[in-house]
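The lines below spell out each chain.
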Amino acid sequence: METARLIKFLVHDGQLLAAAAVEAGPDAMVPTCPGWQVRDLLRHVGMVHRWATAFITEGHTDYHPAEERSDLDGEALVEWFREGHGLLVAALSEAPADLRCWTFLPAPSPLAFWARRQAHETAIHRTDAESALGGTPSPVAAEFAADGIAELLTGFHGRSRSPVRSEAPRSLRVRPVDTDDVWTVWVSTDVPRTEPSEEGPADCELSGIAEQLYLTLWNRLPLSAVSVAGEADLAQLWREMSAVTWS
């Protein structure tokens with residue numbers, strides 16, 4: 001997906017996240033992030049936005065730790081979040097195409113990496129903020145959701161630190177019904193391997209609209225939100241082992 005398009009999603013979801021946080025209030029619990037209140041969510045995402053911005057604007061070519069989370073609260077915390085979101089959008093929008101800085105997932109360029117990563121970081125946490133309100137979260141465009149699935153499967157779970165493992169080799173197919181994408185994930189005692197392929201049978205297949213698969217694979221929706229065919233315990237294994245956490 002083009003960087004400019006990803007930045008537009010980042011803008012939109014950041015605005016929705018802030019609006020949901022204001023409506024829910026800082027004390028509201030976030031069902032999709034057990035143990036967190038809305039204030040915890042704002043502090044986390046605001047910190048991540050500033051962390052990403054520093055790589056873009058300061059050109060760090062090695063890992064650079066994030067600053068401590070803010071201890072602001074209430075309206076001041078929301079404004080701090082909005083400020084950090086705006087700084088990130090501006091940094092990405094103004095960065096040169098040949099930007100050089102540290103990244104941690106494969107991407108065509110550092111600029112493309114940070115635009116994609118922060119767009120999906122914000123979209124997933126936007127759904128978290130909206131979960132504090134109850135009801136149905138704002139929709140996720142199929143094209144964007146499919147891009148996020150690809151980032152999760154080939155990026156996060158293509159790294160050696162992915163915890164998804166199986167003693168016996170098994171295959172998990174992910175098939176959005178509203179895009180032309182399909183992925184097969186081979187799970188074993190080694191690093192998961194994902195290819196944009198549907199060759200051969202799969203032990204388990206998850207299918208549904210891209211939005212549902214995106215949120216399910218990120219553990220924001222239950223497995224019942226998508227269709228599970230074949231060995232359901234493989235889908236459950238993913239559920240139990242695939243969480244991506246900040247460290």
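See above for the structure.
From a predicted model like this one, the values you see are computed outputs, not experimental measurements. (Residues numbered from 1 in each chain as written. Predicted model: local features only at pLDDT ≥ 70, side-chain atom pairs only at ≥ 80, totals over all residues. Heavy atoms only, no water.)

**Thoughts on the overall build of the protein**
Of the regular secondary structure elements, the protein holds seven helices and five strands. Moving toward the C terminus, one meets the helices and strands of the protein in the order α-α-α-α-α-β-β-β-β-α-β-α. Relative to the 2.2 N^0.38 estimate, which gives 18 Å for 247 residues, the radius of gyration of the protein is 18 Å and therefore close to what a compact globule would have. By principal-axis analysis of the C-alpha atoms, the protein measures approximately 50 × 40 × 30 Å. Going through the 247 residues of the protein one by one, you find that 49% of them count as buried. In the protein, of all internal contacts separated by at least 6 residues, the share reaching a separation of at least 24 is 67%. Element-wise, carbon and sulfur atoms account for 51% of the exposed surface of the protein, whose accessible area totals about 11400 Å². (Helix = DSSP H or I, 4+ residues; strand = E, 2+ residues; numbered from the N terminus. Rg over C-alpha atoms; globule rule 2.2 N^0.38 Å. Buried < 20%, exposed > 50% of the residue type's maximum accessible area, 1.4 Å probe, protein only. Contact = heavy atoms within 4.5 Å. Areas by Shrake-Rupley, 256 points an atom, 1.4 Å probe, with all protein chains shown as cover.)

**Examining the packing of aromatic side chains**
In total, this model carries 17 aromatic pairs according to the counting rule given. For the ring pair phenylalanine 104 and phenylalanine 113, a centre distance of 5.0 Å and an interplane angle of 80 degrees mean the geometry is edge-to-face. In this structure phenylalanine 113 comes out as buried when scored by relative accessible area, which is 2%. Summarising the aromatic geometry, the rings of phenylalanine 113 and tryptophan 114 are spaced 4.7 Å apart at their centres and angled 80 degrees between planes, so their arrangement reads as edge-to-face. (Phe/Tyr/Trp six-rings, centres within 6.5 Å; stacked < 30°, edge-to-face > 60°.)

**A word on unusual backbone geometry**
Phi is positive for asparagine 219, which is not a glycine, with a value near 60 degrees. Tracing the chain through its elements places asparagine 219 in the loop between helix H6 (210-217) and strand S5 (227-230).

**Quick look at the environment of alanine 142**
Structurally, alanine 142 can be placed in helix H5 (residues 142-155). Given a relative accessible area of 26%, alanine 142 falls into the partly exposed group. Remark: the alpha-carbon pair of alanine 142 and aspartate 40, spanning 102 residues in sequence, is separated by 29 Å. Sequence-distant contacts of alanine 142, that is, excluding residues within four places in its chain, are made with Asp178, Thr179 and Ala210.

**Observations concerning the pairing of strand S1 (residues 170-176)**
Most of S1 sits out of view: six of its seven residues are buried. Pairing of S1 with strand S2 (residues 183-187), which is carried by five bridges, proceeds in the antiparallel orientation. Looking at the pairing, arginine 170 lines up with valine 187 of S2. Counting the residues between successive antiparallel strands, the hairpin from S1 to S2 contains six residues. Strand direction decides the pairing type here: S1 and strand S4 (residues 204-208), joined by five bridges, are parallel. The residue of S4 that forms the bridge with valine 174 is leucine 206. (Pairing = 2+ DSSP bridges.)

**So, the nonpolar core**
In terms of nonpolar packing, the biggest core is built from 55 residues, with Ile56, Leu92, Trp114, Phe144, Ile149, Leu206 and Tyr214 touching the most fellow members. Ignoring any residue separated from it by four or fewer positions in sequence, one finds isoleucine 56 in contact with Leu88, Ala91, Leu92, Ala95, Leu99 and Trp114. Of all hydrophobic cores here, the second largest spans 16 residues; its members include Ala20, Ala28, Val45 and Trp80. (Core = buried A, V, L, I, M, F, W, Y, C linked by side-chain atoms within 4.5 Å.)

**Observations regarding the environment of threonine 154**
Looking at the secondary structure, you find threonine 154 in helix H5. Between the C-alpha atoms of threonine 154 and alanine 115, which are 39 residues apart in sequence, the distance is 17 Å. Among the polar contacts listed, one links the side chain of threonine 154 to the backbone oxygen of alanine 150, at a separation of 2.6 Å. (Polar contact = N/O pair within 3.5 Å; in protein donor to acceptor, adjacent residues only side chain to side chain.)

**Some details on H5**
For H5, spanning 14 residues, the distance from its first C-alpha to its last is 19 Å, which sits close to the expected 20 Å at 1.5 Å a residue. The buried count for H5 comes to 11 of 14 residues, which makes it a mostly enclosed element. Within H5, burial applies to Phe144, Ala145, Ala146, Asp147, Gly148, Ile149, Ala150, Glu151, Leu152, Leu153 and Gly155. (Expected span 1.5 Å × (residues − 1).)

**A short note on the sheet that holds S2**
An order of S3-S2-S1-S4-S5 is seen for the five strands of this open sheet, with the pairing classed as mixed. At either end of the open sheet lies a strand with only one pairing partner, and these are strand S3 (193-195) and S5. On average, each strand axis in the sheet is inclined to that of its neighbour by 20 degrees, with strand direction left out of account. With three bridges joining them, S2 and S3 adopt antiparallel strand pairing. Its bridge partner being in S3, valine 185 is matched across the sheet by threonine 194. Against the sheet, H5 engages S1, S2 and S3, with an angle of about 20 degrees to S2. Along the sheet, helix H7 (residues 232-241) contacts S1, S4 and S5; its crossing angle with S1, the most-contacted strand, is approximately 85 degrees. (Axes fitted to C-alpha atoms, helices over the stretch in contact; angles between N-to-C directions.)

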